[in-house]
Amino acid sequence: MKHTRPKGTRDFLPPESARKQRAEAVFRRCAELYGFQEAVTPTFEHTEVFVKSSGVTSDVVTKEMYTFKDRSERELTLRPEGTPGLVRAILENGLRIPCRLYYVGPMFRYNRPQKGRYREFYQLGVESFGEAGPEVDAEVIALGAEFFGALGIRDCETQVNSIGCRACRPQYHEQLKRFLTERSSELCPECRTRMEQNPLRTFDCKNETCQAILGNAPKPKDNLCSACAEHFQAVLAALRARDVKFALNDRMVRGLDYYSRTAFEYISRTIGAQDSLGGGGRYDYLVEDFGGPATPAVGFALGEERALLAAEQSDKPVVSRRLVFVIAMSDGERAAAGELLAELRKAGVPAQMDYDHRKPKAQFRSADNAGAQYCAILGERELAQGLVSLKDLTTGEQQELKRTELLARLAGQQMADSR
Ligand code: AMP
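Residues numbered from 1 in each chain as written. Predicted model: local features only at pLDDT ≥ 70, side-chain atom pairs only at ≥ 80, totals over all residues. Heavy atoms only, no water.

What follows concerns the site of the ligand. Around the ligand, the structure places 14 residues, and the nearest of them are R109, Y118, Q123, R254 and S276. At 2.6 Å from an oxygen atom of the ligand is found a side-chain nitrogen or oxygen belonging to S276. In the model, an oxygen atom of the ligand is placed 3.2 Å from a nitrogen or oxygen of the L277 main chain. Counting only elements with at least two residues in the shell around the ligand, the list comes to β6 (120–129), β10 (276–282) and β11 (297–303). The element that contributes the greatest number of residues to the shell around the ligand is β10, accounting for three residues. Broken down by class, the residue content of the shell around the ligand amounts to four nonpolar, six polar and four charged. (Near = heavy atom within 4 Å. Polar contact = N/O pair within 3.5 Å; in protein donor to acceptor, adjacent residues only side chain to side chain. Helix = DSSP H or I, 4+ residues; strand = E, 2+ residues; numbered from the N terminus. Nonpolar A, V, L, I, M, F, W, Y, C, P; charged D, E, K, R; others polar.)

Here the focus is the nonpolar core. Counting 47 residues, the largest nonpolar core has F27, V126, F147 and F300 as the members making the most contacts within it. Counting residues per element, the ones that place at least two in this core are α1 (16–33), β5 (99–108), β6, α5 (134–150), α9 (226–241), β9 (260–268), β11 and α11 (304–312). Within the second largest apolar cluster, 39 residues are counted, among which are L101, C191, F203 and Y283. (Core = buried A, V, L, I, M, F, W, Y, C linked by side-chain atoms within 4.5 Å. Buried < 20%, exposed > 50% of the residue type's maximum accessible area, 1.4 Å probe, protein only.)

By the secondary structure assignment, D137 is in helix α5. Judged by its relative accessible area of 0%, D137 is buried. Separated by 3.0 Å, the side chains of D137 and H231 make a polar contact. Here R282 takes part through its side chain, which lies 2.8 Å from a polar atom of the side chain of D137. Beyond its immediate chain neighbours, meaning those up to four positions away, D137 contacts H231, V235, T262, R282 and V298. (Contact = heavy atoms within 4.5 Å.)

Enumeration according to the criterion identifies 12 aromatic pairs in this entry. Ring geometry for F27 versus F147: centroids 5.5 Å apart, planes at 85°, classification edge-to-face. Of the two residues, F27 sits in helix α1 while F147 sits in helix α5, which places them 120 residues apart along the sequence. By relative accessible area, which is 1% here, F147 ends up buried. Chaining the aromatic ring pairs together yields one cluster made of F27, Y102, F147, F148, F264, Y266 and F300. R119 extends its terminal NZ or CZ atom over the ring of Y110, reaching a point 4.0 Å from the ring centre. (Phe/Tyr/Trp six-rings, centres within 6.5 Å; stacked < 30°, edge-to-face > 60°. Lys NZ or Arg CZ within 6 Å of the ring centre and 35° of its normal.)

A separate point is helix α13 (residues 360–369). If you check which residues of α13 are buried, you get A362, Q363, S366 and A367. On an axial view of α13, the arc spanned by its buried residues comes to 150°, and they lie on one face. Residues of α13 that are exposed and point over 90 degrees away from its buried face: K361, R365 and D368. Buried residues in α13 make contact with β12 (324–328), α12 (334–346) and β14 (374–378). Downstream of α13 by a residue or two, G371 has a phi angle that is positive, lying close to 75°. (Arc of directions from axis to C-beta.)

The strands that make up a sheet pair up through hydrogen bonds in the backbone, lying either parallel or antiparallel. Taken in spatial order, the three strands of this open sheet run β2-β4-β3, and their pairing is antiparallel. The open sheet has two edge strands, β2 (44–46) and β3 (66–69), and neither has a second partner. Taken over all neighbouring pairs, the strand axes of this sheet differ in orientation by 30° on average, direction set aside. Taken together, the four bridges between β3 and strand β4 (residues 75–78) define a ladder with antiparallel strand orientation. Note that in β4 the partner of F68 across the bridge is L76. (Pairing = 2+ DSSP bridges. Axes fitted to C-alpha atoms, helices over the stretch in contact; angles between N-to-C directions.)

A word on the environment of E131. Checked against the element boundaries, E131 lands in the loop between β6 and α5. Relative accessible area serves as the criterion here: at 21%, E131 is assigned to the partly exposed category. Put simply, E131 and T295 are 164 residues apart on the chain and 7.9 Å apart in space, counted from C-alpha to C-alpha. Non-local contacts of E131, meaning those with residues more than four positions away in its chain, are made with P98, R100, V136, R282 and P296.

Remember, this is a structural readout, not a statement about activity or role.
Here it is as structure tokens:
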């Protein structure tokens, strides 16, 4: 029987898996530079964790969750996003706040697959808990932009907005609802429901008529209380001070219900219709809503597949692989080849050899298949003179080196690559 992968999932195989690994390493380095530490939480949680936080009016909760009962009738959900599980974890484990955490891992959403949109996808996220200052929002926004820059993605636009707080939002919601009610006959059926449940959600609608109507709607950023307006201006000033390029987008509200004040998104123009590389914002009430102490928070989630897609088009190669394939020209050099293999690995150089007594030609083919950059060749003559022939498979050049020279050179390259 032939098996196929489930709809909306993908396989990461070499060399794509190496690009993925590299992107994650770059992300970890960026996040750690800003003081974030890794947190690993389960890929499934009690369903309540998401319903309570992502919001009963968000598409993620209403339409996209993989929810199931386990064999003991527990209601569980494969995580559609990282933040709620992290909030649950900091409270359950009594983590001291303030704290800065990052995560890398798969998320699950039952949506319509298309380019850049999957049912299982990876997110790279950071969350700062317990820091209220506008500089923190700016720092988090800057970190995301820095990560995309480090991947060589040049066409990433950072969009910023503010959607107010509990003090100013109810009033604004009423105002927006009044505006929409007057035009409800022109709205799509979904927006009519959104208008009742959470009018802010209408800004997410893709329907052209709805979009045209919303063009004239009152905007969140024009209806902020003075504290929110001040915070927003300070975030923008801090971004300018950090030289982070951004654009204001007064219609961007983000798809999850828990955001307050700052909302931001990274947009690419080169990856197709699913153009959001990532997004985030402040969520000053979520920890409290979970039963914890009042805790301001801000974070983002970036889409790893989309980042890889955008990086593909950049000039900067995401991956370089310096695997060495050790080749014994005959069985007489096998033992020495095994020793060289062990020495290479000990020096931190990825290395591999053939154990099936293949002819040299077949070994060269294996080296090619493995994506090796070098072949380290040992023949009778090399062995007698204490030399190794090093062939660079990318250029075809070959030279003889002393064993110690070979080890020093390859180990040096490896060190430089990992920097
Ligand atoms: P969200 O958690 O909805 O704010 O999404 C944050 C980022 O995750 C988006 O900007 C995308 O880059 C990525 N993302 C969200 N949903 C998907 C999906 N179904 N497939 C691939 N990437 C996704």
